[in-house]
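# Structure at a glance
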2 protein chains.
Amino acid sequence: MPETQPIRLDTQLCFQIYTANKKFNKFYQDALKPFNLTYPQYIALLTLWENAPMSVKKIGKHLHLDSGTLTPLLKRLESHGWITRTRSPQDERTVIIQLTDKALEQRDTVYDRVNSCQDLLQLSNEQIEDCTTALTMLDEHLDSYNNADK
Amino acid sequence: MPETQPIRLDTQLCFQIYTANKKFNKFYQDALKPFNLTYPQYIALLTLWENAPMSVKKIGKHLHLDSGTLTPLLKRLESHGWITRTRSPQDERTVIIQLTDKALEQRDTVYDRVNSCQDLLQLSNEQIEDCTTALTMLDEHLDSYNNADK
DNA sequence: AGTTAGATAATCGACTACAATTTAATCGTT
DNA sequence: AACGATTAAATTGTAGTCGATTATCTAACT
């Protein structure tokens, strides 16, 4: 007769990730308050600062988000003056996201703010390295499962 | 003249956590499909299977969620027959959450299902240990920052 | 040319998540 | 007993996330 393993919430990896994610959210919400940006908006800007102009599709590939999430998020960024949204003349299906002057001007200020806040976390390079190693491994295992059924 | 450190998205701990959280969500969504449960609903049941009966407040302490999230979530669990919600006679402010017979009967089936899905992740005990260690450390650092301003 | 298969965004509905406020009940102190 | 402070839950408003569907467009094929 097989024994059912009880599941203790506080020993579950998923719950540690779930909790850490919310804490990071709060951390960045505080750090980004001067710019009135949420964490998802911030990572959208991060990838745009690296790669703009980008299509919605391409942003989604970088952030693992679909248009159902990105369309309203990008509209908010547009209404706050960070980006512009224009349809490509070559292919009317794709929407091209461009950074505004405001976004280009504010880039280093945002970088500095986030970097200085991260310093307050007091993580050594070695500690960050350990986390990255563990999370990369976990990520691969989650991927191989999630893609197994395709 | 200080140099502004550029921020590469894919090297950021926060983004690894953000991504892993979404992948875990998908993982559990698949695993829990037979029970028509979401991940947040599942962890609410987990803590109830350990500690029921519980007040909404106490559940919130365990899961780090407030009543704005829990009230509608618990109403959904109630409407699907997993729990009951009754006001305490001793203190009319608090709502007592109890598990239904269905929840008690299904417990081991859910445990078995989740445990067998977790086996498919192919994580060794050592790998899980490494993740837990890293995440616990990260959690403490996030806590000390998030509670600093109080 | 006309049709169709595939791609791209947008839209909609359901569920979280949290800040801020509201309502009701309880407690403490006078 | 009465009033002010505290607490618990619910409510409201804003934002994220995803699944499923829809509308439009492109490209390829007949």
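Here the structure is a predicted model, which is why all the values come from computation and not from measurement. (Residues numbered from 1 in each chain as written. Chains lettered and ligands numbered in written order. Predicted model: local features only at pLDDT ≥ 70, side-chain atom pairs only at ≥ 80, totals over all residues. Heavy atoms only, no water.)

The next subject is the side chain of threonine 100 of chain A. All names here are of chain A. Examined against the element boundaries, threonine 100 turns out to sit in the loop between strand E3 (95-99) and helix H5 (101-120). Judged by its relative accessible area of 14%, threonine 100 falls in the buried class. Setting aside residues up to four positions removed in sequence, threonine 100 forms contacts with Gly81, Trp82, Ile83 and Thr84. (Helix = DSSP H or I, 4+ residues; strand = E, 2+ residues; numbered from the N terminus. Buried < 20%, exposed > 50% of the residue type's maximum accessible area, 1.4 Å probe, protein only. Contact = heavy atoms within 4.5 Å.)

The next thing to look at is the protein's contact with DNA strand C. Around DNA strand C lies a shell of 28 residues, among which Tyr18, Lys57 and Arg85 of chain A together with Thr38 and Arg76 of chain B are the nearest. For DNA strand C, the fraction of atoms within 4 Å of the protein that belong to sugar or phosphate moieties is 76%. Within the side chain of arginine 85 of chain A, one N or O atom sits 2.7 Å away from a phosphate oxygen of DNA strand C. Take arginine 93 of chain A: an N or O atom from its side chain is 3.1 Å from a base nitrogen of DNA strand C. Counting only elements with at least two residues in the surface near DNA strand C, the list comes to helix H1 (13-31), helix H3 (56-63), helix H4 (67-79) and strand E2 (83-87) of chain A together with helix H2 (39-51) and helix H4 (67-79) of chain B. Of the residues contributing to the surface near DNA strand C, the split by class is 6 nonpolar, 11 polar and 11 charged. (Near = heavy atom within 4 Å. Polar contact = N/O pair within 3.5 Å; in protein donor to acceptor, adjacent residues only side chain to side chain. Nonpolar A, V, L, I, M, F, W, Y, C, P; charged D, E, K, R; others polar.)

This brings us to the interface of chain B and chain A. In many reports, interface size means the accessible area that the parts give up when they come together. Listed as interface residues are 61 residues of chain B and, on the opposing side, 61 residues of chain A. Summed over both sides, the interface between chain B and chain A buries roughly 6200 Å², with carbon and sulfur atoms accounting for 65% of that surface. Between the two partners, chain B and chain A, sit 6 salt bridges. The salt bridge partner of aspartate 143 of chain A is lysine 23 of chain B, with a shortest N-O separation of 2.9 Å. One can count 21 residue pairs in polar contact (both at pLDDT 80 or more) joining chain B with chain A. Where the side of chain B that touches chain A is concerned, the elements lending two or more residues are helix H1 (13-31), H2, helix H3 (56-63), helix H5 (101-120) and helix H6 (125-146) of chain B. Along the lines of polarity and charge, the residues of the side of chain B that touches chain A split into 32 nonpolar, 17 polar and 12 charged. (Buried area = accessible area lost by both parts, 1.4 Å probe. Salt bridge = Lys/Arg side-chain N within 4 Å of Asp/Glu carboxyl O.)

By themselves these figures say nothing about function.
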